[in-house]
Amino acid sequence: MLNDNVPILLIEDDRVDIMTVQRAFKKNQVKNPLHVARTGLEALCLLKGDGCEKINPPPGLILLDLNLPKMSGFEFLERLRADRELQGIRIIVLTSSNEPRDREAAFKYDVDDYIVKPHSFQEFNRAIGTILELWDLD
Amino acid sequence: MIPAVTAMLGKWGELFRQVFHWGRSENKTRPMASSGATPAIWWGYKPVFVVALLGLLITIYFFLEVSDWEEQRVYTLFREASQDRILVVRREIEHTLATIRDIASYFEASPEVGRREFRKFVEPAIKRHAGIKALMWIPRVSHSDRESFVKEARRSFPPYLIKERNLSKEIVVASARDEYLPVLYVQPYQKNRELLGMDMALDTTIHTLLRRSEETGELRVSERVVLTDNGVEQSGFVVAMPVDYQELLEPDGGRIDAEAPGGTGIRGFAVGIFRIGDVVEPALETLSAGAVNIRFFEEVQAGQKVLLYTHISRMSGSSDLPVGSDGEDREWVHGQEISLGGRYWRVVCTPLAGRYEADTWSGWVVLAGGISFTALLTAYVATLVGRTKKVNRLVEVRTAELSSAMAKMNIEIRERKAAELELKTLNDDLEYWVAIRSSEAARRAQDLEQFAYVTSHDLKAPLRAISNLAEWIGEDLEDKIDDESREQLGLLRDRVRRMHALIEGLLEYSRVGRTEGSYTEVDTKELLLELIDTLSPPKGFVIKVPKVMPVFRTDRLLLGQVFANLISNSLKHHGGSRGCIEIGCNDRDGFYEFSVADDGMGIAPQYHEKIFMIFQTLEAKDYAGNTGIGLALVKKIVQERGGKIMLESAPGEGACFRFTWPKPA
């Protein structure tokens, strides 16, 4: 079961999608603190504390959208994997792209899962529940 | 060659040379034989004429030579035969004359020769020589000695008298004269008894002969005399040899009757009368018969000849000599002079008619052969010349053809080069345009890809948001809104879901051909079972898969998509609650033909094409999950693979989709 204290970082620019995640967390009674970054750069800032408050303790899971302004999800993954300080964070790609090439590209960065955003909240809810249930964030 | 011909022909050669020069100058004025002028054409056959002329001349020359040679050969034969005969005759005549000489010698050696001695002496000669008519001893008797002479003669022959013929040709006792030349001995006596005692001084011929022999002291031969033997006249001649008084010494050394009466030294004459024929014929008989006639002439005066005797060849039946002809007008004559006793005989040999004729056939053979050979050679040369001319003409024609062909070829080469250049330019242009188009196409494909990508994210996100928001509104206001609003919220979410499906379908559609498929070994049976499991057909539906399905290397994802779409299409549009879907496979050449057949309501023929068009549906748009993309996608996938898709269906009779799928190359 997921440790309640481990923060989770959601990188997402769409407000409804952020709401969807928050709502799913609430529905699934997930207690873990949920930090939200609207862009890749913001996310890096939160992770490293460069110019903004660093998430402490560091997040154990990142829910990553691929279609982001300024810095795409892949660019973010590139930076993240290249940073020695930020190793060992689990990453679940949460995207609306069903393109095989996106899927393949994501798995190259050793992501833990690739979830195509369901168009129904109920499905989404189920998916989030499954993830958090199965994944031990310790 | 020309000078030789000229030399050979002499005057003709001059003419020939003129003709030759004419021809040559003619040739110079018309150097082109191909101009077709008649003299030029004939001039081309000059070698033929030269060969023909030369051949004829040589042939005629050899013909004449051979004929002449043949004539010479025959003439030589004739001459040799003639010479042999003349030689034999001459020897025989000499032998004959020798008889007289022998008698004379005998008398010279013996002062007294008796009648018996004489007979004994001459007998062998008479036997040996058939030509002897008579052999005589004629002493010289002066009138004063007449009586003693007769007296002496009567001792051995009592009836002896000195006789003469009177004017009436009767034999009478000789009248008194100064000198007598009586025949004392004659042999053979029986045939010549008339002659015994006959005074030869009165016979003109013999007297002249005796006188001549006395004058010369040599053996002398008379002119022709006619001898009559048993009434047959024959030619004959008389030979006389004088016998002098010799100073015969007695054994005691005294002279005997040294001086003859009359003062002359002649004691008498040995005389022979000969038949020419009988002299000549036996001699010639010693030779084998030859076809030669021989005539003996005596020259009486200059240019006047008397025929003495004619020998007709034993090979001839009769005389073939024209009467009165001396034979020397004959074409062939071999004549020779024989000298005998101060007289000249001309012996003329002529060939028997029809003999010693030159065999002219060899000449004619040479002529015929030469003419034939010349004709052949001329024909050959003519053929050769003709052929050469033909070949030359052919060469000219061919050369002309070749040069024209070469010219044509050059033109063609130039044209072809120009065309090649043009083609190259066009090709370069084409390549340029293709490159531009390709890059354009690539750019467009990239654009499309970008578009599809953007679509997938940017269109879906708001939809999803709408969907979620509508759901949350429904949840949050569950107790506050009425049923109608709740239903409308449901419709909203349903349309959103439909929009989502359309977008997904479009993306999928655009992805076909855009993405490189991955080839793996595909067990189609396993693939189908997996698909059927995923599609989870409703209860009452059976999907039959053949026991044996091919296993081959292909794009698993795409083939799966085709099957999934077709099977789900059949399930969706079956129209009944129970049904059977049958999968089939035929192994064709180079591809497989798969089929998906259902027993549903079927499709009317007018829709068979329409159903494969994108967004075309045969049912209401709000029917769940029916985007109108599935069959269009199937068709696109099959066509991208180079295959074909066909539909066999009629309303109420089910539908059978067949598609071909290539085997790995």
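Before going into details, it helps to say that this report is about the structure given with it. Predicted, not measured: the structure shown is a model, and the values here were computed from it.

1. So, the overall build of chain A
Part 1: Along chain A, the regular secondary structure elements total 5 helices and 5 strands.
Part 2: Among the 138 residues that make up chain A, the fraction classed as buried is 51%.
Part 3: Partitioning the intrachain contacts of chain A with sequence separation of at least 6 by distance along the chain shows that 67% fall at a separation of at least 24.
Part 4: With the model as given, the accessible surface of chain A reaches about 6,900 Å², and the carbon-plus-sulfur share is 45%.

2. Things to note about the pattern of salt bridges
Pairing is possible between side chains that carry opposite charge, provided their charged atoms lie close to one another.
Part 1: Following the criterion strictly, the structure yields 32 salt bridges over all chains and no others.
Part 2: Two residues, Asp83 of chain A and Lys48 of chain A, come together in a salt bridge whose shortest N-O distance is 2.3 Å. Of this pair, Asp83 of chain A sits in the loop between α3 (73–82) and β4 (90–95) while Lys48 of chain A sits in helix α2 (residues 40–48); the two residues are 35 residues apart in sequence, bridging distant segments of the chain.
Part 3: Relative accessible area serves as the criterion here: at 25%, Lys48 of chain A is assigned to the partly exposed category.
Part 4: A salt bridge links Arg346 of chain B to Glu337 of chain B, with the shortest nitrogen-to-oxygen separation between them at 3.3 Å.

3. Some details on the pairing of strand β9 (residues 232–244) of chain B
Residues and elements named next belong to chain B.
Part 1: Alignment of strand β7 (residues 220–221) against β9, held across 2 bridges, turns out to be antiparallel. Within β9, the residue paired with Arg220 across the bridge is Ala240.
Part 2: Looking at chain direction, strand β8 (residues 225–229) and β9 are connected through 5 bridges and run antiparallel. Counterpart to Thr228 in the pairing with β9 is Glu233.
Part 3: Taking the residues between adjacent antiparallel strands as the criterion, β8 and β9 are bridged by 2 residues, where Asn230 takes a positive phi near 50°.
Part 4: As defined by bridge partners, β9 adjoins strand β10 (residues 266–275) across 9 bridges and the pair is classed as antiparallel. Its bridge partner being in β10, Met241 is matched across the sheet by Ala270.

4. Describing the packing of aromatic side chains
Part 1: Applying the stated criterion to the full structure yields 26 aromatic pairs over all chains.
Part 2: Their ring planes at 35° and their centres at 6.5 Å tell us that Phe107 of chain A and Tyr114 of chain A sit as a pair that is tilted.
Part 3: By relative accessible area, Phe107 of chain A is classed as partly exposed at 41%.
Part 4: Taking relative accessible area as the criterion, Tyr114 of chain A reaches 6% and is therefore assigned buried.
Part 5: Through a chain of ring-to-ring contacts, three or more aromatic side chains come together here, namely Tyr106, Phe107, Phe118, Phe121, Trp137 and Tyr185 of chain B.
Part 6: Cation over ring: Lys305 of chain B sits above Phe297 of chain B, and NZ or CZ is 5.4 Å from the ring centre.
Part 7: Across from the ring centre of Tyr592 of chain B, 4.9 Å away, lies the NZ or CZ of Lys663 of chain B, which sits over that ring.

What counts and how
- Residues numbered from 1 in each chain as written.
- Chains lettered and ligands numbered in written order.
- Predicted model: local features only at pLDDT ≥ 70, side-chain atom pairs only at ≥ 80, totals over all residues.
- Heavy atoms only, no water.
- Helix = DSSP H or I, 4+ residues; strand = E, 2+ residues; numbered from the N terminus.
- Buried < 20%, exposed > 50% of the residue type's maximum accessible area, 1.4 Å probe, protein only.
- Contact = heavy atoms within 4.5 Å.
- Areas by Shrake-Rupley, 256 points an atom, 1.4 Å probe, with all protein chains shown as cover.
- Salt bridge = Lys/Arg side-chain N within 4 Å of Asp/Glu carboxyl O.
- Pairing = 2+ DSSP bridges.
- Phe/Tyr/Trp six-rings, centres within 6.5 Å; stacked < 30°, edge-to-face > 60°.
- Lys NZ or Arg CZ within 6 Å of the ring centre and 35° of its normal.

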